[in-house]
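# Results of the structural survey
For reference, the chains in residue letters:
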Amino acid sequence: MATVIAFDVNETLLDLRALDAPFASLLGSAALRPQWFSLMLQLSFTGGLTGRYVDFGTAQRAALAMLAEREGVPLSSGDIESLVLRMSSLPPHPEAPGALASLARTGLRVVALTNSPLPVAQAQLTRAGIRQHFEAVFSADTVAHLKPAPQPYHAVAVGCGVSIGAVRLVAAHSWDISGALSAGCQAAFVARPGMVLSPIGDQPDIVGPDLAAVVDQIIAAGG
């Protein structure tokens, strides 16, 4: 039975579509925003696989520079910094506050686990108006291994004083779900539009179209 519910932050809790307008303005197309996020993940994961750690902020800036070069659009360092800073002011998905409030009425412990550096994560949750719902915020950056490596998930278990099997990750990314299950966590997948599970490996026992549906299932299961 899970006693600690650990939420991923970007795209799971917070809505990156708020960056579409800035991307359209600076790079000419809002469609480049998800491409940027995917490229940023690719750079981060390459760092992890090659043993050369790359933090999320560095990967975000590098991905923007690469995307601008590919598209033939000039981006100044100020433009890049402005876009990256917007990651700290994303709105929550509409159902997120209510879902988190429902969890708060249970005996389950609620934490956040993100690849973003801790100061960024704290700012994100505070500005989104949902920081009060979390007992603690864990950043993979503090262990210098980004999800889906096992270290961040184990850091949550250690930090909360529970076994790894008592942690349930909630995420909208298949790679995060796979990482959590491989580390020994339980998992719940938020199948937002465009998000699908990998058919490879273990599968989560909870799947829902949004946080409200996922949290309802978590509560019904007792964790």
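Refer to the structure printed above.
Residues numbered from 1 in each chain as written. Predicted model: local features only at pLDDT ≥ 70, side-chain atom pairs only at ≥ 80, totals over all residues. Heavy atoms only, no water.

## Structural notes on the packing of aromatic side chains
Note the cut-off: The criterion for an aromatic pair is that two Phe, Tyr or Trp rings (for Trp, the six-membered ring) have centres within 6.5 Å, with stacked assigned to planes under 30 degrees apart, edge-to-face to planes over 60 apart and tilted to the rest. Think of it this way: any DSSP run of H or I at least four residues long counts as a helix, any run of E at least two long counts as a strand, and we number them from the N terminus. To sort residues, take the accessible area from a 1.4 Å probe on protein chains only and compare it with the maximum for the residue type: under 20% means buried, over 50% means exposed, and anything in between is partly exposed.
Summed over all chains, the structure comprises four aromatic pairs. When the ring of phenylalanine 7 is compared with that of phenylalanine 134, the centres are 6.2 Å apart and the planes differ by 80 degrees; the resulting orientation is edge-to-face. Taken together, the positions of phenylalanine 7 in strand E1 (residues 4-7) and phenylalanine 134 in the loop between helix H6 (118-127) and strand E3 (136-139) put the pair 127 residues apart, joining distant regions of the chain. Residue classification places phenylalanine 7 among the buried positions, given a relative accessible area of 1%. Overall, the relative accessible area of 4% leaves phenylalanine 134 in the buried class. Both rings, one in phenylalanine 45 and one in tryptophan 175, keep their centres 5.1 Å apart while their planes meet at 75 degrees; by these two values the pair is edge-to-face. Note that phenylalanine 45 is positioned in helix H2 (residues 32-49) and tryptophan 175 in helix H8 (residues 174-183), a separation of 130 residues in sequence. The exposure class assigned to phenylalanine 45 is partly exposed, which follows from its relative accessible area of 24%.

## Notes on the sheet that holds strand E2 (residues 109-114)
Backbone-to-backbone hydrogen bonds join strands into a sheet, with any given pair of strands oriented parallel or antiparallel. What counts is decided by this rule: Should DSSP find at least two bridges between two strands, the strands are taken to pair. To get an axis, a line is fitted to the C-alpha atoms, and for a helix only the part in contact is used. The angle between two axes follows their N-to-C directions and goes from 0 to 180 degrees. Contacts: residue pairs with any heavy atoms within 4.5 Å of one another.
Across the sheet, which stays open at both edges, the six strands sit in the order E3-E2-E1-E4-E5-E6 with parallel pairing between neighbours. Single-partner strands in this sheet number two, and they are E3 and strand E6 (206-208). In this sheet, adjacent strand axes meet at a mean angle of 20 degrees when their direction is disregarded. Pairing geometry for E2 and E3, over four bridges, is parallel. Across the sheet, threonine 114 pairs through a bridge with serine 139, a residue of E3. Packed on one face of the sheet, helix H7 (residues 150-160) meets E1, E2, E3 and strand E4 (167-171) and runs near 145 degrees to E2.

## Focus: the environment of methionine 1
Mapping methionine 1 onto the fold places it in the segment before E1. With a relative accessible area of 68%, methionine 1 lands in the exposed category. Between the alpha carbons of methionine 1 and valine 167 there is a distance of 8.6 Å; along the sequence they are 166 residues apart.

## A short note on the packing of helix H3 (residues 56-71) against helix H4 (residues 77-85)
Threshold: Each angle receives one of four descriptions, namely roughly parallel if under 35 degrees, roughly antiparallel if over 145, roughly perpendicular if within 65 to 115, and oblique otherwise. By convention, the crossing between two helices is left-handed when the near helix turns anticlockwise from the far helix through less than a right angle, and right-handed when the turn is clockwise. Under the convention adopted here, Pro, Cys and the residues Ala, Val, Leu, Ile, Met, Phe, Trp and Tyr are nonpolar, Asp, Glu, Lys and Arg are charged, and Gly plus all remaining residues are polar.
The interhelical angle for the contact between H3 and H4, taken along N-to-C directions, is 130 degrees, at an axis separation of 10 Å. When the interaxial angle is binned, H3 and H4 end up oblique. The interaxial crossing formed by H3 with H4 has right-handed handedness. In this structure, H3 contributes Gln60, Arg61, Leu64 and Ala65 to the contact, and H4 contributes Ile80, Glu81, Leu83 and Val84. The residue makeup of the contact of H3 with H4, split by class, is five nonpolar, one polar and two charged.

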